[in-house]
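# Summary of structural features
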Amino acid sequence: SSRVQDQLRNTQQICHTYGAFAAILEGGSVVTWGVPNYGGDSSRVQDQLRNTQQICHTYGAFAAILEGGSVVTWGVPNYGGDSSRV
């Protein structure tokens, strides 16, 4: 977490997969760290992670519920990290 330590201020919620963590910060932005494939790298969806209300997780993926009810996923596709087909 040393890579993101300075970003972890006003944390509202933290959850984890088998190898990564995701933190919702005050204001709804999200910071992730850990094993990239297990959700530690959210760069593919980072621009969508605004006004995050809640994060759920599986063994290898995260799903963020945004204000308004839309959902953003990332992590291992077979564990739910790719929701492009739904």
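Look above for the structure.
The structure reproduced in this document is the subject of the present report. (Residues numbered from 1 in each chain as written. Predicted model: local features only at pLDDT ≥ 70, side-chain atom pairs only at ≥ 80, totals over all residues. Heavy atoms only, no water.)

### Section: the overall build of the protein chain
- When you go through the protein chain residue by residue, the secondary structure sums to 0 helices and 6 strands.
- Along its sequence from the N terminus, the protein chain presents helices and strands in the succession β-β-β-β-β-β.
- Relative to the globule expectation of 12 Å for 86 residues, the C-alpha radius of gyration of the protein chain, 12 Å, shows essentially globular dimensions.
- By its C-alpha atoms, the protein chain is 35 × 30 × 20 Å across when sized along the principal axes.
- Counting all 86 residues of the protein chain, 36% fall into the buried class.
- Sequence separation of 24 or more characterises 32% of the internal contacts of the protein chain that already satisfy a separation of 6 or more.
- Summing over all exposed atoms, the protein chain offers an accessible surface of approximately 5,200 Å²; the carbon and sulfur share of this is 47%.
- Looking at charge distribution, the protein chain has the averaged site of its 5 positive side-chain charges lying 5 Å from that of its 6 negative ones. (Helix = DSSP H or I, 4+ residues; strand = E, 2+ residues; numbered from the N terminus. Rg over C-alpha atoms; globule rule 2.2 N^0.38 Å. Buried < 20%, exposed > 50% of the residue type's maximum accessible area, 1.4 Å probe, protein only. Contact = heavy atoms within 4.5 Å. Areas by Shrake-Rupley, 256 points an atom, 1.4 Å probe, with all protein chains shown as cover. Lys, Arg positive; Asp, Glu negative; His and termini not counted. Charge placed at Lys NZ, Arg CZ, Asp CG, Glu CD.)

### A word on the nonpolar core
- With 13 residues, the main nonpolar core has Ala22, Val30, Leu49, Ile55, Phe62 and Trp74 as its most contacted residues.
- Every element with two or more residues in this core is listed here: β2 (20-25), β5 (61-66) and β6 (71-75).
- For alanine 22, the residues in contact, after removing those within four places along its chain, are Gln13, Ile14, Cys15, Val30, Val31, Thr32, Ile55, Phe62 and Trp74.
- Of all hydrophobic cores here, the second largest spans 6 residues; its members include Leu8, Ala23, Val31 and Trp33. (Core = buried A, V, L, I, M, F, W, Y, C linked by side-chain atoms within 4.5 Å.)

### Here we look at the pairing of strand β1 (residues 11-16)
- Pairing of β1 with β2, which is carried by 5 bridges, proceeds in the antiparallel orientation. Residue pairing across strands places histidine 16 opposite phenylalanine 21, the latter belonging to β2.
- In sequence, β1 turns back onto β2 through a hairpin of 3 residues. (Pairing = 2+ DSSP bridges.)

### Observations regarding the side chain of serine 42
- Note on placement: serine 42 falls in the loop between β3 (30-34) and β4 (52-57).
- At a separation of 2.8 Å, a polar atom in the side chain of serine 42 contacts the side chain of glutamine 46.
- With near-sequence residues (within four places) excluded, serine 42 lies in contact with Thr32, Leu49 and Trp74. (Polar contact = N/O pair within 3.5 Å; in protein donor to acceptor, adjacent residues only side chain to side chain.)

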